[in-house]
Amino acid sequence: MEKEKEKEKSEKSSCSGDIEDHTETPRPWQSFHTVYTNAKAGMDGVNKEKVQRIVYDMSKGSKYFENEERKEAFMRQKIDNMCAHCAKLTPADISQYQKVADRRILELETKHDMSRIWLHVDMDAFYAAVETLSNPSLKGKPMAVGGMSMISTANYEARRFGVRAAMPGFIARKLCPELIFVPVDFKKYTYYSDLTRKVFQKYDPNFMAASLDEAYLDITDVCKERSMTSGEVAKELRTTVFEETGLTCSAGVGSNRLLAKVCSDINKPNGQFVLPNDRMAVMTFISSLPIRKIGGIGKVTEHILRDVFGINTCEDMLQKGGLLCALFSRSTADFFLSVGLGLGQTETPQVRSRKSISNERSFSSTEDEASFYQKLADLAEMLSVDMRKEGLSGRTLTLKLKTTTFEVRTRAVTLQKYICSSVDILKYASKLLKAELPVSLRLIGLRLSQFYADKAAAPADPTQKTLTNFLISGDASRESMVDSSSMGSIVNDHHFMNDTETGFSMGSHEACGYDGRDLLDSSHFPDLEDSNCAIGNNDGEMQKFHEPLNDENGNKVNTPERKSYQNAVSELKTDSSSVPFAFRSLDEENKRANLPDDDTVSSSNHGELLLWVNDYKCSLCGIELPPCFVEERQEHFDFHLAERLQKEESRCDTRMLRHRIAFFIFSLHITNI
């Protein structure tokens, strides 16, 4: 405890010393931490303060700088709130949470599995290496793949100057005036990636490709079958990759994937590191490991752990386990404690179908709408090729936009049909983009999800009646009652509010799963504000269905089934609060628009209205359909109407059955008397 107090005291004194220095000679760049100032492999000898200063000077006043300042302020506020929360904890609270942490550590300890051997292979400066292979004159010269707006990767010669991936080219050129830019060529990178994967498959047919240039392999069986050590297998694999492609790679070996990935970065480039499958070796290795080396711990999480808890190494996580359990959810606290124990995934994941396929491209900020649509067409074609290659079709199309101010927007539509062609993708993507114009953008992306094979996107239950087959293809008596001409009224008379009527406005949100991003960086997941707007409809819809049908003699007929349908329609028109959805005119909607948000959604004991959350998402089933998709909304409304009518029919049948049972019981009672 005394050592910890001394350590904290020294940290505070050093911090106060920094403040004094700043007062004498202001150095604002020292507090300007961006992704560009974080060290990558090959950047160990870089003058970090020089890089920080240049990045600061060249970013100051830009939209990027303003966005970074906003994120920094948000992070500081989060840190202050957590510090305040910490300060309120009593010694009894801390003691209680420490017991919880100790118990969780003991439980997690039982998950130590040293039976598997995992290898993580990472290609060295992959894009840059491929370009150098194609053009040997670039060898030994500082080079980056990309342009003045953005760099995809940089070779090791450029990294010595502080140049790295995800850095704007104009800043990189300032750091390294001799820097050579080479345009991106994804076809070339994909070709070489496929060559490396053929090598990986020889060692593990079920290897996990993490990206074009890295993969995880379970080499346990290979080591046993060939009587080789893990180090020998790693060296052989690296040699084979070089022989097949002419490219070098680095490898790391550990008892789980987390450790293997950390190890692959130790002897980059063109090297390897093997961590023995021994618990003591693992704990010794992990104890002094900086937390930033762990996947999922980025800039935000690093600052929170350091500034709130004083955690700098993985071992510190175990020592501060009580506070971690006090301030974080169980799953997050378990992640941190697992890192402190050197735990990671060891089992070979089951083969799972893909959940989504996406493409995105960055470019210089522009307001040129023609270029937007051209880029959208290119992305649609690329996405279509990927979909056909996988043999997939999807229902949910998502458009991702990043504005000049670095605001990220996602707009999605869930269709009634599955699509994969570039024509269909471009058609619906263009509608989504049109609703956002005019806008200044620096990135556009497209994603298709809810594939045909997904449970969530499975085809509709064949026994579930649509509006058409409910009215037309029922039993024989119904077939004789309803003719196809009467369907015209329901299809043609429906009138939904279009974008001009609703004042189309969707909430900005970004949907994304965990993909290696910073665990606690909530700036990637802004909340979706819920405001609601209902569908409007003309009065007098489905007029023909109110008219009784005629029998063969010309007499008007009203069957029980017909009455059931009329009752349903009558309820829809007379008591909108008692049905799952309701028709409302535009005037009614305009009146409701002046109500507070809380009054916008109404419900009753019978069900909720069909509303469009954020004028975007169906409140009954969650399907996403922006107002500009008028025809698709009409189809969707018809679906829910059919569902409603089917329930009405079911309730009628249930009531009739109850009456029959009651009559039967009454008859038995009379007979007994």
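Refer to the structure above for everything that follows.
Structural notes, computed from the coordinates. (Residues numbered from 1 in each chain as written. Predicted model: local features only at pLDDT ≥ 70, side-chain atom pairs only at ≥ 80, totals over all residues. Heavy atoms only, no water.)

1. Notes on the pattern of salt bridges
Line of reasoning, step 1. One pass over the full model with this rule turns up 21 salt bridges.
Line of reasoning, step 2. Of the charged contacts, one joins Asp-307 and Arg-76 as a salt bridge, the two residues approaching to 3.0 Å between their closest N and O atoms. Of this pair, Asp-307 sits in helix 13 (residues 299–309) while Arg-76 sits in helix 3 (residues 63–88), and the two are 231 residues apart along the sequence.
Line of reasoning, step 3. For Arg-76, a relative accessible area of 33% corresponds to the partly exposed category.
Line of reasoning, step 4. In this structure, Lys-268 engages Asp-122 in a salt bridge whose closest nitrogen and oxygen atoms are separated by 3.7 Å. With Lys-268 in the loop between helix 11 (257–264) and strand 8 (272–274) and Asp-122 in strand 1 (residues 118–123), this pair connects stretches of sequence that are 146 residues apart. The exposure classification of Lys-268 matches that of Asp-122, with both residues buried.
Line of reasoning, step 5. Through salt bridges with shared partners, one network takes in Arg-104, Glu-107, Arg-330 and Asp-334. (Salt bridge = Lys/Arg side-chain N within 4 Å of Asp/Glu carboxyl O. Helix = DSSP H or I, 4+ residues; strand = E, 2+ residues; numbered from the N terminus. Buried < 20%, exposed > 50% of the residue type's maximum accessible area, 1.4 Å probe, protein only.)

2. Some thoughts on the pairing of strand 7 (residues 249–254)
Line of reasoning, step 1. Along strand 7, six of the six residues are buried, which leaves the element largely enclosed by surrounding structure.
Line of reasoning, step 2. Residues Cys-249, Ala-251 and Val-253 point to one face of strand 7 and Ser-250, Gly-252 and Gly-254 to the other, with burial holding for every one of them.
Line of reasoning, step 3. Where strand 7 and strand 8 come together, three bridges link them in parallel fashion. If you follow Ala-251 over to strand 8, its bridge partner there is Gln-272. (Pairing = 2+ DSSP bridges.)

3. Points about empty space enclosed by the protein
Line of reasoning, step 1. This model, assessed by the stated rule, comprises three cavities of 30 Å³ or more.
Line of reasoning, step 2. Looking at the second largest cavity, its volume works out to about 50 Å³.
Line of reasoning, step 3. Lining the second largest cavity are Lys-111, His-112, Asp-113, Met-114, Ser-255, Asn-256, Leu-259, Val-282, Gly-342, Leu-343, Gly-344 and Thr-346.
Line of reasoning, step 4. Residue classes in the lining of the second largest cavity are distributed as four nonpolar, six polar and two charged. (1 Å grid on protein atoms, 1.4 Å probe; cavity = no way out; pocket = protein on both sides within 12 Å on 5 of 7 lines; lining within 4 Å. Points joined across faces, edges and corners; volume = space filled by probe spheres on them. Nonpolar A, V, L, I, M, F, W, Y, C, P; charged D, E, K, R; others polar.)

4. A word on the environment of Val-262
Line of reasoning, step 1. Mapped onto the fold, Val-262 is located in helix 11.
Line of reasoning, step 2. Residue class for Val-262 comes out buried when judged on its relative accessible area of 7%.
Line of reasoning, step 3. It is 9.8 Å that separates the C-alpha atoms of Val-262 and Ile-286, two residues lying 24 residues apart in sequence.
Line of reasoning, step 4. Apart from the residues within four sequence positions on either side, Val-262 is in contact with Phe-285, Leu-289, Lys-293 and Ile-294. (Contact = heavy atoms within 4.5 Å.)

5. A short note on the environment of Val-253
Line of reasoning, step 1. Within the secondary structure layout, Val-253 lies in strand 7.
Line of reasoning, step 2. For Val-253, a relative accessible area of 1% translates into the label buried.
Line of reasoning, step 3. With sequence-adjacent residues up to four places away left out, Val-253 is seen in contact with Ile-117, Trp-118, Leu-119, Ser-230, Ala-234, Ala-260, Cys-263, Phe-273, Val-274 and Leu-275.

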